[in-house]
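Summary of structural features
Listed below are the residues making up each chain.
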Amino acid sequence: MTHPLFTPTRLGDIEIANRIALAPLTRNRADEATGVPSPLAVEYYAQRASGGLLITEASQISPRAKGYAMTPGIYTPQQVEGWKAITSAVHEKGSKIVIQLWHVGRIAHSDLLPGGEPPLSSAGVRANMQTFLKDKGFVPTSTPRALRTDEIPGIVDDYARAAERAMEAGFDGVEIHAANGYLIDQFLKDGINRRDDAYGGSVENRARLLGEVVDAVTGAIPAGRVGIRLSPFSGANDLTDSDPMTTFAHAIGTHLAGRGMSYLHLVEGQTGGPRELAEGQSIAELRKLFDGAYMANNGYDRELAMKTVESGAADVIAFGRPYIANPDLPERLAADAPLEEGDRATYYGGGAEGYTDYPTLAQSKAA
Ligand SMILES: Cc1cc2nc3c(=O)[nH]c(=O)nc-3n(C[C@H](O)[C@H](O)[C@H](O)COP(=O)(O)O)c2cc1C
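The notes below deal with the structure included here. All residue numbers refer to positions counted from 1 along the written sequence of the respective chain. Under the rules for a predicted model, residues below a pLDDT of 70 receive no local features and side-chain atom pairs below 80 are neither given nor counted, while totals for whole chains, interfaces and linings still include all residues.

Every axis corresponds to a line fitted to the C-alpha atoms, with the helix fit spanning only the stretch in contact, and the corresponding angles, defined between N-to-C directions, vary from 0 to 180 degrees. For the purposes of this entry, the term helix denotes a DSSP run of H or I that reaches at least four residues, the term strand denotes a run of E that reaches at least two, and both are numbered from the N terminus. Two numbers describe how helix H3 (residues 152-168) lies on helix H6 (residues 208-220): the axes approach to 8 Å, and their chain directions differ by 35°. The element H3 and its partner H6 pack so that their crossing is right-handed. Only Leu209, Glu212, Val213, Ala216, Val217, Gly219 and Ala220 of H6 make contact with H3, whose side of the interface consists of Ile152, Val156, Asp157, Tyr159, Ala160, Ala163 and Glu164. Throughout this entry, Asp, Glu, Lys and Arg are counted as charged residues, while Ala, Val, Leu, Ile, Met, Phe, Trp, Tyr, Cys and Pro are counted as nonpolar. The remaining residues, Gly among them, count as polar. Split by residue class, the contact of H3 with H6 holds 10 nonpolar, 1 polar and 3 charged. Helix crossings are classified by the rotation of the near helix relative to the far one: an anticlockwise turn of less than a right angle makes the crossing left-handed, while a clockwise turn makes it right-handed. Distance between backbone-placed C-beta atoms decides contact: two residues are in contact if it is within 7 Å.

Written out as structure tokens, the structure is:
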């Protein structure tokens, strides 16, 4: 009998052939000047299209939303054309693809931003992190400037326009990136949000930007094509919350449930690290508050993925690192075949090496 991991399901308006998703993975191979995805990305995504759903690498919604060299954008006609080649190639192979909408907030360097201006965040607090510039390599992130209240509607609008561009580019939907310490998370988590306007202080205020972005994006494109990613318990990008259960129960219960969204996607535990949670923290409790499909991520292997889908705890499992070096990951999981280890040196930046040159199982057997 076919295991449920390999059977179809529906994420809102998006029907998918199996419960295996490609997690969003930044690979820094887009054109630095234009933010157009690399022509190599067509092949990269097509190679991974046996997964039911592909989530693209995070893609900036405006020039000011960028935080690293050579990440793609989704705000110009030229970028839309670049993405069209990718969505067509993926659709030709029978899979579905959504684009992850990204504003990095303070995780940026002013050299990457128009006019060399500082990054924007909820507060003027620098992240103790590094980013990457094409000419200078790794550099500390710049100290951000706190957004003025009257600047926030423009950013909310950028999310909606980017979602419209995504539909033009042939995507099946979008994933709002509200995880990993980027802009929306910089408002949600109290680690830095020290604002005294309607966007800071109480849980209600900290979740306001998230709610406005969800309203705007689901107003621009059908809600059943809008997913969202959160990382409640992760300290990624130097950001934590003092009471994540309360913060995220409010965010999910008030702003995400009951509106017919495509899916809720949680990074369970520390992004790319331990899955263990502190006492009183629970993914299952948060998941219960959302009435749509649930996508789980972080440190899943074959056994845990099968168990989790079989029990009904998650509808879909997103795989990140295992999918980098195993373009045919779904086939390998189905066959219980060994997985290759990816080369970390080629994760970020470069060309085909470590990107499109990992063989499928069939190719390595034939070689
Ligand atoms: C190279 C690399 C790039 C990543 N880029 C993104 C990204 O663009 N957006 C995002 O939400 N998470 C990103 N992540 C986090 C992954 O989506 C995922 O949460 C993490 O790798 C844990 O899942 P895994 O154990 O299946 O790899 C990235 C991780 C890696 C290793």
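This next bit is on the environment of Ser38. Looking at where Ser38 falls in the secondary structure, it is placed in the loop between strand E3 (20-22) and helix H1 (40-47). In this structure, the C-alpha to C-alpha distance between Ser38 and Phe290, residues 252 residues apart in sequence, is 36 Å. Apart from residues no more than four positions distant in its own chain, Ser38 is found in contact with Arg29 and Ala30.

Assignment of secondary structure puts Ala220 in helix H6. Whether a residue is buried, exposed or partly exposed is read from the other C-beta atoms within 10 Å of its own C-beta, which are placed from the backbone; 20 or more gives buried, 12 or fewer gives exposed, and intermediate counts give partly exposed. Assessed through the 19 C-beta atoms surrounding it within 10 Å, Ala220 is described here as partly exposed. It is 7.6 Å that separates the C-alpha atoms of Ala220 and Arg161, two residues lying 59 residues apart in sequence. Leave out the neighbours within four places in its chain, and Ala220 touches Ala160, Ala163 and Glu164.

The criterion for a residue being near a molecule or strand is a backbone-placed C-beta atom within 6 Å of that molecule or strand. In the neighbourhood of the ligand, 23 residues make up the surrounding shell, with Ala23, Pro24, Ala58, Gly320 and Arg321 lying closest. Residues belonging to the shell around the ligand are distributed by class as follows: 10 nonpolar, 10 polar and 3 charged.

Burial analysis of strand E4 (residues 53-60) places 8 of its 8 residues in the buried class, which makes it a mostly covered element. Relative to E4, E3 runs parallel, the two sharing 2 bridges. Note that in E4 the partner of Leu22 across the bridge is Leu54. Here E4 runs beside strand E5 (residues 96-102); their pairing, made up of 6 bridges, is parallel. In the strand pairing of E5, Leu54 is matched with Ile97. Handedness of a crossover is defined as follows: with both strands directed away from the viewer, a clockwise route from the first strand across the helix to the second makes it right-handed. As for the winding sense of the linkage, the β-α-β connection from E4 through helix H2 (residues 77-92) to E5 is right-handed. Being paired, for any two strands, means DSSP has found at least two bridges between them.

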